[in-house]
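Residue strings, one per chain:
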Amino acid sequence: MEIGGRGLIISLICFLFKFSTAIEIPLSVQQVPTIIKQSKVQVAFPFDEYFQIECEAKGNPEPTFMWTKDDKTFDLSDSRIIVSNNSGTFKIPNEGHISHFQGKYRCFASNKLGVAMSEEIEFIVPNVPKFPKEKIDPLEVEEGDPIVLPCNPPKGLPPLHIYWMNIELEHIEQDERVYMSQKGDLYFANVEEKDSRNDYCCFAAFPRLRTIVQKMPMKLTVNSSNSIKQRKPRLLLPPSESGSASSVTILKGDTLLLECFAEGLPTPQVDWNKIGGDLPKGRETKENYGKTLKIENVSYRDRGNYRCTANNFLGSTSHDFHVVVEEPPRWTKKPQSGVYSTGSSGILLCEAEGEPEPTLKWRVNGSPIDKNPFAGDVVSPTEISFTNLQPNHTAVYQCEASNVHGTILANANIDVVDVRPLIQTEDEENYATVVGYSAFLHCEYFASPEAIVSWQKVDEAKPLEGRRYHIHENGTLQINKTTEDDAGSYSCWVENAKGKTAVTANLDIRNATKLQVSPKNPRVPKLHTLELHCESKCDPYLKHSLKLSWSKNGEGFEINATEDGRIIIDGPNLTISNVTSEDQGIYSCSAQTALDSVADVTHVTILDVPDPPENLHLSERQNRSVRLTWDAGNDHNSRISEYIVEFEGNKEEPGRWEELTRVQGKETTALLSLAPYVRYQFRVIAVNEVGRSQPSQPSDHHETPPAAPDKNPQNIRVQASQPKEMIIKWEPLKSMEQNGPGLEYRVTWKPQGAPVEWEEETVTNHTLRVMTPTVYAPYDVQVQAVNHLGSGPEPQSVILYSGEDYPDTAPVIHGVDVINSTLVKVSWSTIPKDRVHGHLKGYQINWWKTKSLLDGRTHPKEVNILRFSGQRNYGMVPSLDAFSEFHLTVLAYNSKGAGPESEPYIFQTPEGVPEQPAFLKIIKVDKDTATLTWGLPKKLNGNLTGYLLQYQIINDTYELGELNDINITTPSKPSWRLSNLNSTTKYKFYLRACTSKGCGKPITEEGSTLGEGKYAGLYDDISTQGWFIGLMCAIALLTLILLTVCFVKRNRGGKYSVKEKEDLHPDPEVQSVKDETFGEYSDSDEKPLKGSLRSLNRDMQATESADSLVQYGEGDHGLFSEDGSFIGAYAGSKEKGSVESNGSSTATFPLRA
């Protein structure tokens, strides 16, 4: 990767080529030709435009080329071919004369030092396959006879695929009775009537030629027969002329296909075996209903005799195949090219294997070696040795190995060269690595004779020594476990007998990349979300090349290419939703930079509920117990904490499973305590930290014998709706508690403590009605369970009471003490215990308002009720209306209900203070005055004596000034005019209603006075509102109409009255004198914006502002600018001051200066 200057070569782990005699010679050095590219078998497909036969070679001097075709010189000057420049490659255009060029070609590349030759290149010109035109006679056979329909496909370029179909291109069905051979013939072991048809067609497909040809249809007629003779098998494949055995030759590595087909009735079955051995497992298959034996990738151990046997119940027949495995030549020792210096010695080896054994031939410069020997060469079939080599010994040797299955050729260059070292690595190359990694500084060179390579640091001028340094045979310097001190410039020196040369390399050391995956080894429940984070840190110079990737168990993730987007990779983050057990594994985050790579892993464990326990087994069966044993299921990475044993056997709820016991997770057995008279079945549920498993399969049944009850009913209680009645109830025994058939309940009772006999009654349900002689009398009651096998344990007595009656007397009211205008205390006498006729639950006060003392108006009777529990003789009645008259009664009540009421007691409440006024508004303003109006309180609570009006100055921080009081002694007057106010000042007003008892809670209002010249700010907000713009347009239109009318009247001689002129052109001084008319706007003229405050220079309805501000502003104040104009909606600030307020509204009233 080039970064700057002459380039920074990034080296990681390099593949190092060892220096040997097979070294690459630079093209600047004279050398023999070497063929570097050549064609293989070339097929002239009819749909191609041209056919290219390639031969390219390198050498110094540059090679020239010649060709042979079928071992004869081929003329490259033929006008029908196109020859490429500077190579031996030529093209044959597809122009109709292609067959003339069919043959085997060989390329020769030569210069003054030698001749290299290519392997044979076969050029095949395939013919277009066609079935011959022929008339096919119809075939007629008897039912049950064999028949063969021949295909005889034409020859063509392999592969060949054969199909039998009808004229509708539907495949002829093949089965055990019908079979198509490898040659394409269709065999019938015995024909049936359904085989009759006149359109049997054989199709031959040549896919490489894109050609399918069809044979003429054949007609087959099957005559039905009443006497079809069965017969033993007879082989049709291999044909009878092959005898009982035949030989098959197959090349090593190919696929062996052996086929047998026999006719007979019933249809014979075919079996295969290898004589004296076994068929190769894993490589052999039987196809076509056993008629074909297929062995893939044949090896020498597959040689031998194979036998197919066809049989039916009438007999059998067989055929033996002698399989011979052969092989084309292949190199075992291929001759290697070499570079030699003058006077040196060498040897060429050439050995090949194959079946039959290959024949070896030596050539030199393309000619047989015996026709062009070199002095001193010693030639044998498998090697050539030479000594005291001289430059004129430079040549190309060829070794050719051949047998009946093919020929292989190898060229070996012998270059005798003497030259000073040539360093092929550029000078001043830049390299980089990271701390702790190995650095590789290259110094590739060519030298003959052999050279010595040494490295040194430029600033040290001495060869590098130490275990960390290693110089490879190709000149590369390897520095292991690099540190920051290794950075700097290095020199590579190469020296041989002909001279020496050097280059310089520069090394930079970077910081190693660090990586950490979190969380470490997480345990994630199934269907939860897994989130992994990969934190990385790398050298700033490497950050641009940093790439992060995730993998699981060594297989990388494709970014966001998973099903339904369940797995999302976002840079360093990996998120997997709805994890399953398949998501468990080792997750790795890898960081790759241009210089290093590092990875960190975390093991993700997916937790799930356990698998159900298995193999439930019952043992140690007893009347009241049994031992249950089971095998634990897979815990899915979370230890089983406990097992839940459930049972089914409740006769009342069959199929309902109930928990019986729990067992620690380390146990897999439990001794179960059982109840009598139950047919048990058990199942087990495993529990871990994730949850519960599915229940196991149920165990066998275990039935316990019946027994007497072990317990009596619980929760014995009484229910009575009539006096003296006692309905005794209890919780019935559950099915699992009955212990046997015939369950009944024996109920006994007697008056508590009375020395009398117990009364008794036995019932089958769980209730009994008993009538007693007295009301609300205590009784001792017992209930015992009984079944056919006996009684339950001795029952315990419980005390129950007979039915209650209503109380029959009323309390007497002693008096009503008035505490204040809304609260009174009532006292009464309790009723005797014998008049309660049950359990006293308490006393009840009923009261109702009869009239208001303010206006004397009578109120309809609306009774209020207040109950006091227990035995008591007084109670407090709150929330009464002040200055009113009330009636009040008291009664006692028990569990049955309420007794009679006492005589009504009449009392009156005194006056109280009024509620706050309904509203407070500032309706008229002037320079130093303001007129306020208000509404009466909803409840006066007495005779209204007047009002207390208070006001004070407030500033922008809501700090309050001195409070001024005004007593208004005329309660009928709902308004007041304040004077001597300051202009451009904010005020807060408080108004209280008063009676003789005092004044109530205040209602408040705020506003600001405006001086002259400050009106414009009031309208800044509304000037951009749509309704305001519309209003202005309407006013402009009306003004235009008015001017038009005036102009018409003036033209008609009409005159204006003084009053009209005065109204149209008011005098400013006169206007200022007019009282409280400035800023009055009718509510019908203009509506305020929803949610905004209305300025006090508008005439607002009395309740509108107060209601809206209380409802939405919760008493908070609006925001105004320093000059008093509105600048915001409701604010969250609270009032500051000591005056109590329950409701307020905020507005601005501009006062003219």
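Predicted model only: the values in this text are computed from it and were never measured.

A.B. asks: Is there a simple way to explain the overall build of the chain in this structure?
C.D. replies: For the chain, the count of helices and strands is four helices and 89 strands. A total of 1153 residues make up the chain; the buried ones form 43% of that total.

A.B. asks: Would you mind going over a nonpolar patch on the surface with me for this structure?
C.D. replies: Where nonpolar side chains cluster on the molecular surface, the patch consists of L1037, L1038, L1040, I1041 and V1045 and spans about 480 Å² of accessible area. Tracing the backbone shows L1037 in helix 1 (residues 1026-1051).

A.B. asks: Is there a simple way to explain the sheet that holds strand 57 (residues 614-619) in this structure?
C.D. replies: Sheets are built from strands that pair by backbone hydrogen bonding, the pairs being arranged parallel or antiparallel. If you walk across this open sheet you meet the three strands as 57-58-61, and the pairing is antiparallel. Strands with a single pairing partner mark the edges of an open sheet, and in this sheet they are strand 57 and strand 61 (669-673). Each strand axis lies, on average, 25° off the axis of its neighbour in the sheet, ignoring direction. Judged from the four bridges that link them, strand 57 and strand 58 (residues 625-631) form a sheet pairing that is antiparallel. Each bridged residue has a counterpart across the sheet, and for L618 the counterpart in strand 58 is L628.

A.B. asks: Can you walk me through the nonpolar core in this structure?
C.D. replies: Soluble globular proteins tend to pack their nonpolar side chains together in the buried interior. Counting 25 residues, the largest nonpolar core has I147, L149, W164, L186, F188 and Y200 as its most contacted members. At the level of secondary structure, the elements contributing two or more residues to this core comprise strand 14 (147-149), strand 15 (161-165), strand 16 (178-180), strand 17 (186-188), strand 18 (197-206) and strand 20 (218-223). At four residues, the largest contribution of residues to this core is made by strand 18. The contact partners of F188, leaving out residues within four places of it in the chain, are P146, I147, L149, R177, V178, D195, Y200, L236 and F261. Residues V32, C55, F101 and F123 belong to the second largest nonpolar core, which totals 24 residues.

A.B. asks: Sorry, what's going on with the packing of aromatic side chains here?
C.D. replies: Note on aromatic pairs: each is described by the distance of the centres and the angle between the planes. Under the criterion given, the structure shown has 27 aromatic pairs. Relative to Y587, the ring of F557 has its centre 6.2 Å away and its plane inclined at 15°; by these criteria the two rings are stacked. Of this pair, F557 sits in the loop between strand 52 (555-556) and strand 53 (567-570) while Y587 sits in strand 55 (residues 585-592); the two residues are 30 residues apart in sequence, bridging distant segments of the chain. Per residue, the accessibility class of F557 equals that of Y587, and both read buried. Considering the side-chain rings of Y951 and F989, the 6.2 Å spacing of their centres and the 35° angle between planes classify their relative orientation as tilted. Of this pair, Y951 sits in strand 81 (residues 944-954) while F989 is found in strand 84 (residues 986-995), placing the two residues 38 residues apart along the sequence. Given the relative accessible area of 13%, Y951 is considered buried. Residue classification places F989 among the buried positions, given a relative accessible area of 0%. Through a chain of ring-to-ring contacts, three or more aromatic side chains come together here, namely W67, F74, F90, F101 and Y105. One Lys or Arg, K91, reaches over the ring of Y50 and ends 4.5 Å from the middle of that ring.

A.B. asks: Just to check I follow, could you spell out the environment of P612 for this structure?
C.D. replies: Assignment of secondary structure puts P612 in the loop between strand 56 (597-607) and strand 57. Assessed through its relative accessible area of 28%, P612 is described here as partly exposed. When the C-alpha positions of P612 and V687 are compared, they lie 9.6 Å apart, and in sequence the two are 75 residues distant. Contacts of P612, omitting those with residues within four sequence positions, involve G633, S693, Q694, P695 and S696.

A.B. asks: Got a minute to help me understand the state of the cysteines in this structure?
C.D. replies: What we call a disulfide is simply a covalent bond connecting the sulfur atoms of a pair of cysteines. Tallying each qualifying case throughout the model produces seven disulfides. One disulfide bridge connects C151 with C202, the sulfur atoms lying 1.9 Å from each other. Across the disulfide from C151 to C202, rotation about the S-S bond amounts to roughly -65°, and the bridge is consequently left-handed. Taken together, the residues C151 in the loop between strand 14 and strand 15 and C202 in strand 18 connect sequence positions 51 residues apart. With respect to burial, C151 and C202 carry one shared label: buried.

A.B. asks: How should I be thinking about the pairing of strand 28 (residues 304-312) in this particular structure?
C.D. replies: The side chains of a regular strand alternate, first on one face of the sheet and then on the other. Strand direction decides the pairing type here: strand 25 (residues 269-274) and strand 28, joined by six bridges, are antiparallel. Across the sheet, residue W272 finds its bridge partner in strand 28, namely C308. As paired elements, strand 28 and strand 29 (residues 315-333) share nine bridges and run antiparallel to each other. By the bridge assignment, G304 is partnered in strand 29 with V323.

Definitions and cut-offs
- Residues numbered from 1 in each chain as written.
- Predicted model: local features only at pLDDT ≥ 70, side-chain atom pairs only at ≥ 80, totals over all residues.
- Heavy atoms only, no water.
- Helix = DSSP H or I, 4+ residues; strand = E, 2+ residues; numbered from the N terminus.
- Buried < 20%, exposed > 50% of the residue type's maximum accessible area, 1.4 Å probe, protein only.
- Patch = residues over 30% accessible without salt bridge, like charges linked within 9 Å, V, L, I, M, F, W, Y side chains within 5 Å.
- Areas by Shrake-Rupley, 256 points an atom, 1.4 Å probe, with all protein chains shown as cover.
- Salt bridge = Lys/Arg side-chain N within 4 Å of Asp/Glu carboxyl O.
- Pairing = 2+ DSSP bridges.
- Axes fitted to C-alpha atoms, helices over the stretch in contact; angles between N-to-C directions.
- Core = buried A, V, L, I, M, F, W, Y, C linked by side-chain atoms within 4.5 Å.
- Contact = heavy atoms within 4.5 Å.
- Phe/Tyr/Trp six-rings, centres within 6.5 Å; stacked < 30°, edge-to-face > 60°.
- Lys NZ or Arg CZ within 6 Å of the ring centre and 35° of its normal.
- Disulfide = S-S within 2.5 Å.

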